[in-house]
Amino acid sequence: IFKFWFPKLYALYAKLEADLNAKYPGMHGAFPGFPMMSKTTNTGKKTRTPEHVDFKNALFGMCVIAIFGKFDHTKSGMLVLRELKVLLPLAPGDIVFIPSALITHGNTELAAADVRRSWTLFTAGGLFRFRDAGFVTERELIRRDDHEELALFRRAQPALLRQRLGLHMSIDELCDYYGVK
């Protein structure tokens, strides 16, 4: 689903996974064939998340949320997307992609008998920056006291962010990409 709806973003994530694996053999995405690097499994009987922003996730990226359990999705456990002013009734088995570092999100209360669990996949923005800096942290660049290398890294970040945000495609662009009229 990620590769189909976000092909350019998927390619960026796959390149990061390949670069990390080349530098650190055995490092790979959360699941084979899926290049998001992290997963969270919420297995409590009543998984409910308060509204929040995942500020450490890739700002330009997507987060996958899969919902499981037994509950009436039209009455409880709806996904709240605050800035969009949307309540999304996700049924058990539904999967949604959201830019979790940009949109305040959470879910509504659950009824007493409800069972709701969730599973998320994401990639921290720091992994992209780590790779962009030559597989070192910004703190390490500062420690090295190489002002030129640090300045070059910091100057590149706004352009990289713009370029990566540009990887999101409209429906028309997706149709063109796949040759669909």
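Residues numbered from 1 in each chain as written. Predicted model: local features only at pLDDT ≥ 70, side-chain atom pairs only at ≥ 80, totals over all residues. Heavy atoms only, no water.

Undergrad: What is the right way to look at the packing of helix 2 (residues 7–23) against helix 3 (residues 125–132) in this model?
TA: The relative placement of two packed helices comes down to the angle between their axes together with the axis-to-axis distance. The contact between helix 2 and helix 3 brings their axes to 11 Å, and the two run at 60 degrees. Relative to helix 3, the element helix 2 lies oblique. Note that helix 2 runs across helix 3; the crossing there is left-handed. Taken together, the residues of helix 3 that come into contact with helix 2 (itself represented by Leu12, Tyr13, Lys15, Leu16, Asp19 and Leu20) are Leu127, Phe128, Phe130 and Arg131. Class assignment for the residues of the contact of helix 2 with helix 3 results in 7 nonpolar, no polar and 3 charged. (Axes fitted to C-alpha atoms, helices over the stretch in contact; angles between N-to-C directions. Helix = DSSP H or I, 4+ residues; strand = E, 2+ residues; numbered from the N terminus. Parallel < 35°, antiparallel > 145°, perpendicular 65-115°, else oblique. Left-handed = near helix turned anticlockwise from the far one by under 90°. Contact = heavy atoms within 4.5 Å. Nonpolar A, V, L, I, M, F, W, Y, C, P; charged D, E, K, R; others polar.)

Undergrad: Help me understand the sheet that holds strand 5 (residues 95–98), please; the structure alone is not making it clear to me.
TA: Hydrogen bonding along the main chain pairs the strands of a sheet, whether they run parallel or antiparallel. Spatially, 4 strands are ordered 1-7-2-5 in an open sheet, and the strand pairing comes out antiparallel. Either end of the sheet is taken by a strand with one partner, and the two such strands are strand 1 (38–42) and strand 5. Taken over all neighbouring pairs, the strand axes of this sheet differ in orientation by 20 degrees on average, direction set aside. (Pairing = 2+ DSSP bridges.)

Undergrad: Teacher, can you tell me more about a nonpolar patch on the surface here?
TA: A cluster of nonpolar side chains, Ile1, Phe4, Trp5, Ile95, Ile171, Tyr177, Tyr178 and Val180, forms an exposed patch at the surface whose accessible area comes to about 820 Å². Of all the elements, helix 6 (residues 171–178) adds the most residues to the nonpolar patch, at 3 residues. Note on placement: isoleucine 171 falls in helix 6. (Patch = residues over 30% accessible without salt bridge, like charges linked within 9 Å, V, L, I, M, F, W, Y side chains within 5 Å. Areas by Shrake-Rupley, 256 points an atom, 1.4 Å probe, with all protein chains shown as cover. Salt bridge = Lys/Arg side-chain N within 4 Å of Asp/Glu carboxyl O.)

Undergrad: Got a minute to help me understand the nonpolar core in this structure?
TA: A general trend in soluble globular proteins is that nonpolar side chains are found buried together. Core analysis: the biggest nonpolar cluster contains 22 residues, and Phe2, Leu9, Tyr13, Met36, Met62 and Phe128 have the highest contact counts within it. When residues of this core are traced back to their parent elements, those giving at least two are helix 2 and helix 3. What phenylalanine 2 contacts, discounting residues up to four positions off in sequence, is Pro7, Leu9, Tyr10, Tyr13, Phe34, Met36, Met62 and Phe97. (Core = buried A, V, L, I, M, F, W, Y, C linked by side-chain atoms within 4.5 Å. Buried < 20%, exposed > 50% of the residue type's maximum accessible area, 1.4 Å probe, protein only.)

Undergrad: Hey, could you run me through unusual backbone geometry in this one?
TA: Note: most residues except glycine have negative phi, and most peptide bonds are trans. Positive phi, close to 55 degrees, is recorded for lysine 85, a residue that is not glycine. Summarising the element assignment, lysine 85 is placed in the loop between strand 3 (79–81) and strand 4 (86–88).

Undergrad: For this particular structure, what's the right way to read the pairing of strand 2 (residues 63–70)?
TA: Each regular strand displays side chains that alternate between the two surfaces of the sheet. In terms of strand pairing, strand 2 meets strand 5 through 4 bridges, oriented antiparallel. Considered in strand 5, the bridge of valine 64 is made with phenylalanine 97. Strand direction decides the pairing type here: strand 2 and strand 7 (residues 115–122), joined by 7 bridges, are antiparallel. When the sheet's bridge partners are listed, valine 64 is paired in strand 7 with leucine 121.

Undergrad: I keep staring at the packing of aromatic side chains and nothing clicks. Help me out?
TA: Between two aromatic rings, the relevant description is the distance of the centres plus the angle of the planes. All chains considered together, the criterion is met by 15 aromatic pairs. Both rings, one in tyrosine 13 and one in phenylalanine 128, keep their centres 5.5 Å apart while their planes meet at 75 degrees; by these two values the pair is edge-to-face. Pair noted here: tyrosine 13 is in helix 2 and phenylalanine 128 is in helix 3, with a separation of 115 residues, a long-range link. Of the residues examined, tyrosine 13 reaches a relative accessible area of 1% and is grouped as buried. Put simply, the rings of Phe2, Phe6, Tyr10, Tyr13, Phe34, Phe60, Phe97 and Phe128 pair up and form one aromatic cluster. Directly above the aromatic system of phenylalanine 31 lies the positively charged group of lysine 39, at a separation of 4.9 Å from the ring centroid. (Phe/Tyr/Trp six-rings, centres within 6.5 Å; stacked < 30°, edge-to-face > 60°. Lys NZ or Arg CZ within 6 Å of the ring centre and 35° of its normal.)

Undergrad: It is not clear to me how the pattern of salt bridges should be interpreted in this structure. Could you clarify?
TA: Pairs may arise between side chains of opposite charge once their charged atoms sit close together. Within this structure, the stated rule accounts for 10 salt bridges. With a shortest N-O distance of 2.9 Å, arginine 131 and aspartate 19 are connected by a salt bridge. Taken together, the positions of arginine 131 in helix 3 and aspartate 19 in helix 2 put the pair 112 residues apart, joining distant regions of the chain. Classification of aspartate 19 as buried rests on a relative accessible area of 17%. In this structure, the salt-bridge partner of glutamate 140 is arginine 143, at a minimum N-O distance of 2.7 Å.

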